[in-house]
Amino acid sequence: MSTTDIVIVGAGPAGIRAAQTLVAYGEQPCLIDESARGGGQIYRRQPANFKRPAKAVYGFEAAKAQAVHATLDGLGGDIDYRPETLVWNAEQHALDTLAHGVAAQVRYKQLIVATGATDRILPVPGWTLPGVYSLGAAQIALKFQGCAIAERVVFAGSGPLLYLVAYQYARAGAKVLAVLDSAPLSAQTRALPALLGQPATLAKGLYYRAWLTAHGIPVHQRAELRAISGQQRVSGVQWREGEHMHSLDCDAVAFAHALRSETQLADLLGCRFTWSPLNRAWLPVRDDRGRSSVEGVYLAGDGAGIMGADAAEMAGELAALTLLGDCGQHIDETRVGHLQRKLDAIQRFRRGLEIAFPFPEDWATRAPDAMTICRCEEVSAGDIRQTVAEGHWELNRVKAMCRVGMGRCQGRMCGLAAAEIVAQASGRDIASVGRLRGQAPIKPLPFGVDAER
Ligand SMILES: Cc1cc2nc3c(=O)[nH]c(=O)nc-3n(C[C@H](O)[C@H](O)[C@H](O)COP(=O)(O)OP(=O)(O)OC[C@H]3O[C@@H](n4cnc5c(N)ncnc54)[C@H](O)[C@@H]3O)c2cc1C
């Protein structure tokens with residue numbers, strides 16, 4: 001068992017900036033991350049022996065990626081950095097970790113949770129076939145390993161990552177057959193006033209889209225992915241566009257509808273949650289300085305609401321400053337105010353993104369009974385509807401009855417989709433069906449774990 005005063009979980013942009021700020025004030029935090037080399041999702045690093053230049057891996061974000069990596073590397077002996085370490089349980093003042101098959105407990109006085117996000121998945125028939133990936137997973141294959149998920153790929157869903165990953169694949173030499181965006185072009189036009197608040201980010205998004213069109217890659221708007229077909233693996237997709245159904249042969253599909261926050265640790269820590277209409281999700285409450293509802297626990301980055309990488313860096317710094325102030329250190333209040341104003345501006349942009357890429361609210365009505373929602377426990381939309389028909393509508397109760405979200409992923413993949421089906425089948429508002437309570441271990445643990453000596 002080790003005791004460290006301040007622990008940060010997550011070495012993405014939020015966690016790294018938090019660590020940097022703490023070190024600048026003389027602290028020696030412990031920084032824990034399950035990935036090998038830090039950087040988080042957007043600035044995920046390739047293996048040390050890979051030689052691709054930053055520009056080839058991160059494109060327009062190369063300079064920011066290098067700055068974040070240089071910060072982490074520069075912190076060296078000033079922090080207790082623990083890569084390849086999973087935090088699988090959290091309670092007051094103690095985290096349970098697993099690194100290289102060895103379980104340990106890390107005690108803390110203050111904790112910054114910066115656990116980021118993963119894709120939001122709305123299943124379609126065929127989504128469990130080999131050859132189907134989330135957008136994020138497709139990007140990880142390219143960013144981390146320098147390989148594509150297949151030769152001929154269709155990208156579908158909605159959100160900024162859709163265009164970015166399609167662009168990255170096409171630039172890397174993959175054959176991008178089509179981009180199917182469920183959002184109508186009119187929504188993106190309507191969002192322009194809000195998006196103009198962050199002109200550089202908007203320009204990049206427009207560039208990716210224009211580049212795809214200029215290179216002959218068909219981009220379909222208001223195109224709802226309806227099914228993925230294939231026997232042993234993916235061989236094609238079907239989608240609806242206006243009144244018409246279309247189909248296309250392909251070798252792989254990458255799809256997602258934006259991102260969802262990784263909130264399980266905040267949940268296990270007892271943080272209060274509230275419904276966020278903007279994120280269409282239950283999120284841990286944080287005040288405008290990054291404090292959670294639990295004393296000594298701070299929240300930073302996408303793990304407490306999706307705002308993007310620039311905001312994550314600022315939120316990490318802000319949470320660290322707040323923590324230091326709460327511990328009696330004299331902190332730079334001017335800097336705090338500056339960070340808060342910048343975060344407010346990004347939040348306005350975020351609202352614009354939600355207008356541009358609206359959640360497909362009719363998804364649940366279209367989900368056929370036979371479609372698998374929970375892969376781990378093989379629970380279908382029909383199984384969930386049957387459970388609702390038996391009188392259950394609170395999500396944890398539905399889980400107890402039909403096992404949706406009870407498997408290895410603990411509902412991280414299927415929980416949001418299951419909630420949509422429960423809301424639709426019970427005729428209730430999505431916010432009122434509740435949220436799956438976090439349970440340890442939050443991610444699968446192997447058998448035969450050794451205890452730390
Ligand atoms: C797959 C993926 C790809 C993305 N790519 C882009 C992109 O190219 N461009 C873009 O603008 N945005 C991208 N985004 C969004 C972007 O990642 C985020 O806005 C940004 O990275 C948020 O920073 P963060 O520090 O909050 O979290 P993250 O960058 O997600 O970092 C969180 C870190 O916490 C670690 N972690 C989480 N849970 C645990 C745990 N229990 N134990 C130990 N460690 C843990 C993770 O390993 C991760 O390194 C992507 C998102 C995803 C999910």
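For clarity, every value in this text was computed on a predicted model and none was experimentally measured.

Conventions adopted
- Residue positions within a chain follow its written sequence, with the count starting from 1.
- For a predicted model such as this one, the threshold for reporting local features is a pLDDT of at least 70, and the threshold for listing and counting side-chain atom pairs is 80 or more; totals across whole chains, interfaces and linings nevertheless cover every residue.
- Only DSSP runs of H or I reaching four residues or more are called helices, and only runs of E reaching two or more are called strands; each is numbered from the N terminus.
- With the radius of gyration taken over C-alpha atoms, the globule rule is written as 2.2 Å times the number of residues to the power 0.38.
- With C-beta atoms placed from the backbone, a residue is buried if 20 or more other C-beta atoms are within 10 Å of its own, exposed if 12 or fewer are, and partly exposed between those counts.
- By definition, residues are in contact whenever their C-beta atoms, placed on the basis of the backbone, come within 7 Å of each other.
- The domain limits used here are those given by an automatic or database domain assignment.
- For each residue, a C-beta atom is placed from the backbone, and the residue counts as near a molecule or strand when that atom lies within 6 Å of it.
- The criterion for strand pairing is that DSSP finds at least two bridges linking the strands in question.
- In this analysis an axis means a line fitted to C-alpha atoms, helices contributing only their contacting stretch, and an angle means the value between N-to-C directions, from 0 to 180 degrees.
- By definition, the crossover connecting two strands over a helix is right-handed if that path, from the first strand to the second, turns clockwise as seen with the strands pointing away from the viewer.
- The term nonpolar core means buried Ala, Val, Leu, Ile, Met, Phe, Trp, Tyr and Cys residues held together as one set by C-beta atoms within 7 Å.
- The arc in question is the one traced by the directions running from the helix axis out to the C-beta atoms.

S.K.: An account of the overall build of the protein is requested, with residue identities and associated values reported.
M.R.: Per the secondary structure count, the protein includes 15 helices and 24 strands. For 453 residues, the compact-globule formula gives about 22 Å, and the C-alpha radius of gyration of the protein, at 22 Å, lands near that figure. Along the first, second and third principal axes, the C-alpha atoms of the protein reach 65 × 55 × 45 Å. By residue count, 48% of the 453 residues in the protein fall in the buried class. Considering only intrachain contacts with a sequence separation of at least 6, the fraction spanning at least 24 residues in the protein is 68%.

S.K.: Please give an account of the environment of G316 that cites residues and values.
M.R.: Structurally, G316 is set in helix α10 (residues 309–326). With 30 C-beta atoms packed within 10 Å, G316 lands in the buried category. Considered as a pair, G316 and Q20 are 296 residues apart in the sequence and their alpha carbons are 9.3 Å apart. Not counting chain neighbours up to four residues away, the residues in contact with G316 comprise P13, A14, G15, I16, R17, A18, A114, A300 and G301.

S.K.: Tell me what's going on with the domain arrangement of the protein, and back it up with residues and numbers.
M.R.: Here the protein is described as being made up of domain 1 (2–118 + 260–329), domain 2 (121–257) and domain 3 (363–433). For domain 1 versus domain 3, the separation of C-alpha centres amounts to 31 Å. Domain 1 puts five residues into the contact, and the matching count from domain 3 is four residues.

S.K.: I'd love a proper account of the site of the ligand, names of residues and values included.
M.R.: If you check the shell around the ligand, you find 36 residues, and the closest are G12, G40, G116, G136 and G301. Of all the secondary structure elements, the ones that give two or more residues to the shell around the ligand are α1 (13–24), β5 (85–91), β9 (117–119), α4 (135–145) and α10. No fewer than three residues from each of domain 1 (2–118 + 260–329) and domain 2 (121–257) sit in the shell around the ligand.

S.K.: Explain the sheet that holds strand β2 (residues 6–9) to me, and be specific about the residues and the numbers.
M.R.: Spatial ordering of the open sheet is given by β4-β3-β2-β8-β21, a layout of five strands whose pairing is parallel. Strands with a single pairing partner mark the edges of an open sheet, and in this sheet they are β4 (80–82) and β21 (297–299). Averaged over all pairs of adjacent strands, the angle between their axes in this sheet comes to 15°, without regard to strand direction. As paired elements, β2 and strand β3 (residues 30–32) share three bridges and run parallel to each other. Its bridge partner being in β3, V9 is matched across the sheet by I32. Sheet contacts for α1: β2, β3 and β8 (110–113); angle to β2, the most-contacted strand, approximately 160°.

S.K.: Provide a residue-level description of the pairing of β2, including the pertinent values.
M.R.: Of the two faces of β2, the one carrying I6 and I8 and the one carrying V7 and V9 are both buried. Relative to β8, β2 runs parallel, the two sharing four bridges. If you follow V9 over to β8, its bridge partner there is V113. Crossover handedness for the path β2 to α1 to β3: right-handed.

S.K.: Requested: an account of the pairing of β8, with residues and values cited.
M.R.: On β8, burial covers both faces: Q110 and I112 on one face and L111 and V113 on the other are all buried. Taken together, the three bridges between β8 and β21 define a ladder with parallel strand orientation. The partner of L111 across the bridge, within β21, is V297.

S.K.: Residues and numbers for the nonpolar core, please.
M.R.: One recurring pattern in soluble globular proteins: nonpolar side chains tend to sit buried together. One finds V153 and I384 to be the most contacted residues of the largest nonpolar core, which totals 139 residues. Examining the composition of this core, we find that 11 residues originate from one element, α10, more than from any other. Setting aside its immediate chain neighbours within four residues, I384 contacts I373, V379, V398, C402, V404, A418, I421, V422 and A425.

S.K.: Report on unusual backbone geometry, specifying residues and quantitative values.
M.R.: With an omega of 0°, the peptide bond running from A440 to P441 counts as cis. Residue position: P441 is located in the loop between α15 (415–426) and β24 (450–451). Residues other than glycine seldom take positive phi values, yet H93 does so here, at roughly 65°. Checked against the element boundaries, H93 lands in the loop between β5 and β6 (94–99). Among the residues examined, H93 registers 16 C-beta atoms within 10 Å and is labelled partly exposed. The backbone phi angle of E378 is positive, close to 55°, even though this residue is not glycine. Within the element layout of this structure, E378 appears in the loop between β22 (372–374) and β23 (379–380).

S.K.: Give me the sheet that holds strand β15 (residues 236–241): which residues, what numbers.
M.R.: With antiparallel pairing, three strands are arranged side by side in an open sheet as β14-β15-β16. Because the sheet does not close on itself, it has two edges, and the strands there are β14 (223–229) and β16 (244–249). For this sheet the average axis-to-axis angle between neighbouring strands, irrespective of direction, equals 25°. As paired elements, β14 and β15 share six bridges and run antiparallel to each other. By the bridge assignment, S229 is partnered in β15 with G236.

S.K.: Account for α4, with residues named and values stated.
M.R.: Inspection of α4 places L135, G136, A138, Q139 and K143 among the buried residues, and these make up the whole buried set. Projected onto a plane normal to the axis of α4, the buried residues spread over an arc of 160° and lie on a single side. Buried residues in α4 make contact with α2 (54–58), β9, β10 (132–134), β11 (152–158), α5 (160–172) and β17 (252–257). Phi turns positive one or two residues past the end of α4, at G146, with a value near 70°.

S.K.: Explain the environment of A11 residue by residue, including any values.
M.R.: Its location among the elements puts A11 in the loop between β2 and α1. For the pair formed by A11 and D33, sequence separation is 22 residues and the distance between their alpha carbons is 5.6 Å. Those residues in contact with A11 that sit more than four places away from it in its chain are I16, L31, D33, G38, G40 and L72.

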